[in-house]
Amino acid sequence: NCNAYLACTLYFLGYPEQAQTVCQQMLAQVRTQDHPHTLAQALSFAALLQRWLNRQQQAQVLAADTIAISRQHDFHLWRACGEMTHGWARVMQGQADGLAEIESSIATMRQALGGMSVVFLSSQIEACMHLQQFDRALALTAQALADAAKTGDAHFLPELYRLKGVCLLSLDAANAVPAR
């Protein structure tokens, strides 16, 4: 658990290589243990780190492993995390139906926690932008920012504002009229 959060912290502080090292050590250690819940959590965080690093295939493989163990042991939270990252990876690799997987993970997360982590909405926003659904991405960004303000979940605000900026720039470019 500590290594999972350490890897995230290192990534957010601008040390992606160190985050990757901690994550690899975490997975090696947890795979020697017979504790499915810890493995599901570690796989989920490892997949998420790969998502942030934009390593789509690695994220998809780790997310699929997360989903498999979570289904086997009925870990709703970790299954939702795995589905979120798996769906994101599929969209980024050209499989538009991965968006439905992200949306399903959001519904599962709302049931499991009674709320929503903005990290889930950021995956949906990024997927919509990749699919050039800019208006929808902006609406989801507004929802995520409102949810963050309501719940006090501010840990992902910089990413939400970055996504909003990229989306606005992309929308402007898509709507630009060529010069004559």
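Above this text sits the structure in question.
These lines cover the structure that appears in this document, whether it is placed above or below.

How each quantity is defined
Residues numbered from 1 in each chain as written. Predicted model: local features only at pLDDT ≥ 70, side-chain atom pairs only at ≥ 80, totals over all residues. Heavy atoms only, no water. Helix = DSSP H or I, 4+ residues; strand = E, 2+ residues; numbered from the N terminus. Rg over C-alpha atoms; globule rule 2.2 N^0.38 Å. Buried < 20%, exposed > 50% of the residue type's maximum accessible area, 1.4 Å probe, protein only. Contact = heavy atoms within 4.5 Å. Areas by Shrake-Rupley, 256 points an atom, 1.4 Å probe, with all protein chains shown as cover. Phe/Tyr/Trp six-rings, centres within 6.5 Å; stacked < 30°, edge-to-face > 60°. Salt bridge = Lys/Arg side-chain N within 4 Å of Asp/Glu carboxyl O.

This paragraph deals with the overall build of the chain. Helix and strand counts for the chain stand at nine helices and zero strands. In summary, the chain has a C-alpha radius of gyration of 17 Å against a globular reference of 16 Å for 180 residues, a match within 12%. Taking all 180 residues of the chain together, the buried fraction comes to 48%. The long-range fraction of contacts in the chain, counting pairs at least 24 apart against all pairs at least 6 apart in sequence, stands at 56%. Counting only carbon and sulfur atoms, one obtains 54% of the accessible surface of the chain, whose full area is about 9,200 Å².

Turning our eyes to something else, we now look at the environment of Gln133. Here Gln133 lies in the loop between helix 7 (118-130) and helix 8 (134-151). Distance in space between the C-alpha atoms of Gln133 and Leu171 is 9.1 Å, their sequence separation being 38 residues. Ignoring any residue separated from it by four or fewer positions in sequence, one finds Gln133 in contact with Leu99 and Cys128.

At Asn54, a position not held by glycine, the phi torsion is positive, near 60°. Mapped onto the secondary structure, Asn54 falls in the loop between helix 3 (36-52) and helix 4 (56-73). Taking the relative accessible area as the measure of exposure, Asn54 reaches 45% and is therefore partly exposed. The phi angle at Asp74 is positive, at roughly 60°, despite the residue not being glycine. The topology assignment puts Asp74 in the loop between helix 4 and helix 5 (76-92).

This model, assessed by the stated rule, comprises seven aromatic pairs. Geometrically, the ring pair formed by Tyr11 and Phe12 is edge-to-face, given 5.7 Å between the ring centres and 65° between the ring planes. With relative accessibility at 45%, the residue Phe12 sits in the partly exposed group. On the basis of an interplanar angle of 45° and a centroid distance of 4.8 Å, the ring pair of Phe12 and Trp52 is categorised as tilted.

Okay, the pattern of salt bridges next. For the structure on display, the rule yields seven salt bridges. Linking Arg71 and Glu83 is a salt bridge whose minimum nitrogen-to-oxygen distance equals 3.6 Å. A residue pair is termed long-range when its members are at least 10 positions apart, and Arg71 in helix 4 and Glu83 in helix 5 qualify at twelve residues. Judged by relative accessible area, Arg71 falls into the exposed class, the value being 58%. Among the residues examined, Glu83 registers a relative accessible area of 6% and is labelled buried. Residue Glu103 is joined to Arg136 by a salt bridge in which the shortest nitrogen-to-oxygen separation is 2.2 Å. In this pair, Glu103 is assigned in helix 6 (residues 98-113) and Arg136 in helix 8, connecting sequence segments 33 residues apart. On the basis of relative accessible area, Glu103 is assigned to the partly exposed category, the value being 30%. The class for Arg136 is partly exposed, based on a relative accessible area of 34%. Taken together, the shared-partner salt bridges in this structure form one network comprising Arg71, Arg79 and Glu83.

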